[in-house]
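The primary structure of each chain is shown beneath.
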Amino acid sequence: MEYLKERVSYIRGLTDGLGIDDTTNEGKVLLSIVDLLDDMVDAMIELDTSQSELDEYIENLDEDLANVENEVFDYDDQDGEQNYIEVECPNCKETVYFEEETFDDDDEDIICPNCNKPIYTDDNE
Ligand SMILES: [Zn+2]
């Protein structure tokens, strides 16, 4: 866009150099055409800037949307199947599996299905 600005400046310099002023009808017309060109280039630069800002905004929006899609996709993926948590029993050293919901209730003891002793998941290593 800057090259358009430069070309208008060049034409304006030309009218100055050639002594074109608004004392003649032709001079009036030429000078107002140069003014018009200048305004049009300014308007185009303004549009170009806001276009770039919009592009950047949409790009960010697209990234955000992709993140949301990933979150939703992961959620859906997990929703269909049960989640099992792998625990090594501290008593019999057997690896046993529990449904994730089993750990939601803190008051309920978690019992090893192998040796029937309680498992404390906080220090099961
Ligand atoms: Zn056990």
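Residues numbered from 1 in each chain as written. Predicted model: local features only at pLDDT ≥ 70, side-chain atom pairs only at ≥ 80, totals over all residues. Heavy atoms only, no water.

## A word on the overall build of the protein
Secondary structure summary: the protein contains 2 helices and 4 strands in total. Walking the protein from its N terminus toward its C terminus, one meets helices and strands in the order α-α-β-β-β-β. The buried share among the 125 residues of the protein stands at 12%. Once local pairs closer than 6 in sequence are excluded, the contacts in the protein between residues at least 24 apart make up 30%. (Helix = DSSP H or I, 4+ residues; strand = E, 2+ residues; numbered from the N terminus. Buried < 20%, exposed > 50% of the residue type's maximum accessible area, 1.4 Å probe, protein only. Contact = heavy atoms within 4.5 Å.)

## Brief notes about the pattern of salt bridges
Applying the stated criterion across every chain yields a total of 4 salt bridges. In this structure, the salt-bridge partner of Asp38 is Lys5, at a minimum N-O distance of 3.1 Å. One end of the pair, Asp38, is in helix H2 (residues 25-79); the other, Lys5, is in helix H1 (residues 2-17), with 33 residues separating them in the sequence. Owing to a relative accessible area of 24%, Lys5 belongs among the partly exposed residues under this scheme. Its salt-bridge partner being Asp38, residue Arg12 comes within 3.0 Å of it at the nearest N-O pair. Residue Arg12 is found in helix H1, and its partner Asp38 is found in helix H2; the two are separated by 26 residues along the sequence. What emerges from the salt-bridge pattern is a single network uniting Lys5, Arg12, Asp35, Asp38 and Asp42. (Salt bridge = Lys/Arg side-chain N within 4 Å of Asp/Glu carboxyl O.)

## Observations regarding the coordination of the zinc ion
Distances from the zinc ion to its protein donors, namely Cys89 (SG), Cys92 (SG), Cys112 (SG) and Cys115 (SG), fall within the range 2.2 to 2.3 Å. In this structure, the zinc ion is coordinated by 4 donor atoms arranged in tetrahedral fashion, with angles at the metal of 105 to 114°. Along the chain, the residues donating to the zinc ion are arranged with the sequence spacing C-x2-C-x19-C-x2-C. Taken together, the positions of Cys92 in the loop between strand S1 (84-88) and strand S2 (95-99) and Cys115 in the loop between strand S3 (110-111) and strand S4 (118-119) put the pair 23 residues apart, joining distant regions of the chain. (Donors = N, O, S within 2.8 Å, 3.2 Å for Na, K, Ca; no water. Tetrahedral: all angles 85-135°; square planar, octahedral: opposite > 155°, others 65-115°.)

## So, the nonpolar core
Listed in full, the 8 residues of the largest apolar core are Val87, Cys89, Val96, Phe98, Phe103, Ile110, Cys112 and Ile119. Residues within four places of Val96 in sequence aside, it is in contact with Ile85, Glu86, Val87, Cys112, Pro113, Asn114 and Ile119. (Core = buried A, V, L, I, M, F, W, Y, C linked by side-chain atoms within 4.5 Å.)

## Focus on a negative patch on the surface
A surface patch of like charges, here negative, comprises Glu53, Asp55, Glu56, Glu59, Asp62, Glu63, Asp64 and Glu69. Among the secondary structure elements, Asp62 is positioned in helix H2. (Patch = residues over 30% accessible without salt bridge, like charges linked within 9 Å, V, L, I, M, F, W, Y side chains within 5 Å. Areas by Shrake-Rupley, 256 points an atom, 1.4 Å probe, with all protein chains shown as cover. Lys, Arg positive; Asp, Glu negative; His and termini not counted. Charge placed at Lys NZ, Arg CZ, Asp CG, Glu CD.)

## Looking at the environment of Asp21
In this fold, Asp21 is placed in the loop between H1 and H2. When the C-alpha atoms of Asp21 and Leu31 are compared, they prove to be 7.3 Å apart, with 10 residues separating the residues in sequence. Dropping the residues within four chain positions of it, Asp21 is found in contact with Gly27, Lys28 and Leu31. Side chain to side chain, Asp21 and Thr23 meet in a polar contact 2.4 Å long. (Polar contact = N/O pair within 3.5 Å; in protein donor to acceptor, adjacent residues only side chain to side chain.)

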